[in-house]
Amino acid sequence: MNKAFWKNKKVLITGNTGFKGSWLSRILLNACADVYGYALPNECQKSIFNAIDLEKEVKCCYGDICDEEKLGNFIAECKPDVVFHLAAQPIVRLSYEIPVETYKTNVLGTAVLLNSLRKSQSVKAIVNVTTDKVYENNDKNSFFSERDRLGGYDPYSNSKACSELVTSSFVSSFFNPEEYGKTHSTAIATARAGNVIGGGDFAPDRLVPDLIRAYEKGEAVVLRNPNSVRPWQNVLEPLSLYIELAQRLYEKGTQYNGAYNIGPRKEDCLSVIEVIKKFSSYIPLKFEISSNAVKAPHEAKLLTLNSQKAYDMLGFKDKWDIDSNIEYTALWYKKQIENENMKQVTDDIISTYFG
Ligand SMILES: NC(=O)c1ccc[n+]([C@@H]2O[C@H](COP(=O)([O-])OP(=O)(O)OC[C@H]3O[C@@H](n4cnc5c(N)ncnc54)[C@H](O)[C@@H]3O)[C@@H](O)[C@H]2O)c1
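Residues numbered from 1 in each chain as written. Predicted model: local features only at pLDDT ≥ 70, side-chain atom pairs only at ≥ 80, totals over all residues. Heavy atoms only, no water.

Draft legend 1. Broad picture of the site of the ligand. Near the ligand there are 26 residues, and of these Thr-17, Lys-20, Ile-65, Tyr-156 and Lys-160 occur at the shortest range. Backbone polar atom of Gly-15 to an oxygen atom of the ligand: 3.2 Å apart, as the coordinates give it. Within the side chain of Tyr-156, a nitrogen or oxygen atom sits 2.6 Å from an oxygen atom of the ligand. Out of a free accessible area of 830 Å², the ligand has 91% covered by protein chains. (Near = heavy atom within 4 Å. Polar contact = N/O pair within 3.5 Å; in protein donor to acceptor, adjacent residues only side chain to side chain. Areas by Shrake-Rupley, 256 points an atom, 1.4 Å probe, with all protein chains shown as cover.)

Draft legend 2. Examining the sheet that holds strand 3 (residues 59–62) more closely. Taken in spatial order, the seven strands line up as 3-2-1-4-5-7-12 in an open sheet, and their pairing is parallel. The open sheet has two free edges, formed respectively by strand 3 and strand 12 (258–262), since each of these has just one partner strand. Averaged over all neighbouring strand pairs, the angle between strand axes comes to 20°, with direction disregarded. Pairing analysis gives four bridges linking strand 1 (residues 10–14) to strand 4 (residues 82–85), with the strands arranged parallel. Counterpart to Leu-12 in the pairing with strand 4 is Val-83. On top of the sheet, helix 4 (residues 68–78) reaches strand 1, strand 2 (34–39) and strand 3; it is set at about 175° to strand 2, its chief contact. (Pairing = 2+ DSSP bridges. Helix = DSSP H or I, 4+ residues; strand = E, 2+ residues; numbered from the N terminus. Axes fitted to C-alpha atoms, helices over the stretch in contact; angles between N-to-C directions. Contact = heavy atoms within 4.5 Å.)

Draft legend 3. Layout of the pairing of strand 1. In terms of residue burial, strand 1 counts as a mostly covered element, since four of its five residues are buried. The sheet contact formed by strand 1 and strand 2 spans five bridges and is parallel. Bridge pairing in strand 2 places Ile-13 opposite Gly-37. Considered for its hand, the β-α-β crossover made up of strand 1, helix 2 (residues 19–30) and strand 2 is right-handed. (Buried < 20%, exposed > 50% of the residue type's maximum accessible area, 1.4 Å probe, protein only. Right-handed = clockwise from strand over helix to strand, strands pointing away.)

Draft legend 4. Local environment of the packing of aromatic side chains. Overall, the coordinates contain 13 aromatic pairs when judged by the stated rule. Pairing Trp-320 with Tyr-353 gives two aromatic rings, centres 5.2 Å apart and planes at 85°, and the pair type is edge-to-face. On the criterion of sequence distance, the pair formed by Trp-320 in the loop between helix 11 (308–314) and helix 12 (322–337) and Tyr-353 in helix 13 (residues 342–354) is long-range, its members being 33 residues apart. Exposure remark for Trp-320: the relative accessible area of 9% places this residue in the buried category. Taken together through their ring pairs, the aromatic side chains of Phe-5, Trp-6, Phe-84 and Tyr-250 make up a single cluster. Looking at Lys-9, its charged tip hangs above the ring of Phe-5, at a distance of 4.3 Å from the centre. For the cation-ring pair, Lys-319 lies above Tyr-353, with the distance from its terminal atom to the ring centre recorded as 4.8 Å. (Phe/Tyr/Trp six-rings, centres within 6.5 Å; stacked < 30°, edge-to-face > 60°. Lys NZ or Arg CZ within 6 Å of the ring centre and 35° of its normal.)

Draft legend 5. Just the environment of Lys-319, in detail. Within the secondary structure, Lys-319 is located in the loop between helix 11 and helix 12. A sequence separation of 85 residues divides Lys-319 from Asn-234, and the C-alpha atoms of the two residues are 9.3 Å apart. Aside from chain neighbours lying at most four places away, what touches Lys-319 is Glu-237, Tyr-353 and Phe-354. In this structure the side chain of Lys-319 is engaged in a polar contact, spanning 3.0 Å, whose partner is the backbone oxygen of Tyr-353.

Draft legend 6. View of unusual backbone geometry. Positive phi values are uncommon outside glycine, yet Lys-79 reaches one of about 45°. On the secondary structure map, Lys-79 appears in the loop between helix 4 and strand 4.

Draft legend 7. Just the packing of helix 12 against helix 13, in detail. One can describe the packing of helix 12 onto helix 13 by two numbers: an axis separation of 10 Å at closest approach and a directional angle of 165°. Here helix 13 runs roughly antiparallel to helix 12, going by the angle between their axes. Handedness of the crossing formed by helix 12 with helix 13: right-handed. Taken together, the residues of helix 13 that come into contact with helix 12 (itself represented by Tyr-328, Leu-331, Trp-332, Lys-335 and Gln-336) are Met-342, Val-345, Thr-346, Ile-349 and Thr-352. (Parallel < 35°, antiparallel > 145°, perpendicular 65-115°, else oblique. Left-handed = near helix turned anticlockwise from the far one by under 90°.)

Structure below.
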């Protein structure tokens, strides 16, 4: 990470109160960027945002991403150089319960944001964070590259594919590369990362937060699919890609426009049970394997991404293997349970990763 580049840059992060947004805010604050955040207020006390006291250092505006007036006024006030768009309803299962709300936030929200940025004219680089689930997935263990067809089975995945389409339309219509340097000076990319783990995630219906919640209550987690293999990547890996991508867009312009996959290496795909066993060497987790098949909503099976474009164009390389990933994730939760200074713990993990 080029800290000199980020010093004093005005950076707007939407979804800054969430798991990824909080880590991203902390990394950029450590690089002396001027960080602004736009998100919904944090409803639960337990969050990395609260644990590392980000409200003191990020200039926050609380509002709905679809609130054009509030978001527009905030953008006019902060005049960002760079925008990372992370605000979303990101939970697959919840998207089955609140599909319309999910589409509203994830699709209309992207349009409202890009339209507000179009009016502001200060921004030079925008990274829209989507997901590996944007692809049309036939559950045959595909290995997706950026040129594969978009789709998405459930409302979350599909809404993120729509967010990609909205971005593509705004690029063609308002931030066209042919007009770069004439009518606008904005370069835009999307980044499609897989599921990540890392300290400070307290979202419902994700394995590591579920395990930690159960551990704190002294309960066992019931595993329905212990042998299902999933990719495990540390949250810092895609965040480092978003940061590098934003810098390239800012400095080199629209030649870096487009979509970028960012997934873990094949060797970092492990079964749930293997991950829990590794985790248990740091935090003694209890789990039970359910013998009853429970009818759950459809979720895409193993998704793997071809990240060659990110390797070639951005020089991206995963830094942590699965063991380091689990070690630093477990360390964060362990220290939090022990009431340590979480800002310090988080900063130590960031400096270990970025060097
Ligand atoms: N965590 C993962 O494994 C993962 C994987 C791939 C992609 N992503 C993407 O990364 C982004 C961040 O995910 P996360 O895990 O940090 O999620 P999170 O739930 O922890 O955070 C979501 C953030 O979005 C904000 N938000 C939600 N609805 C909003 C609305 N209507 N208006 C304004 N703000 C709103 C929340 O306040 C919060 O700050 C999302 O776009 C998600 O789709 C996450």
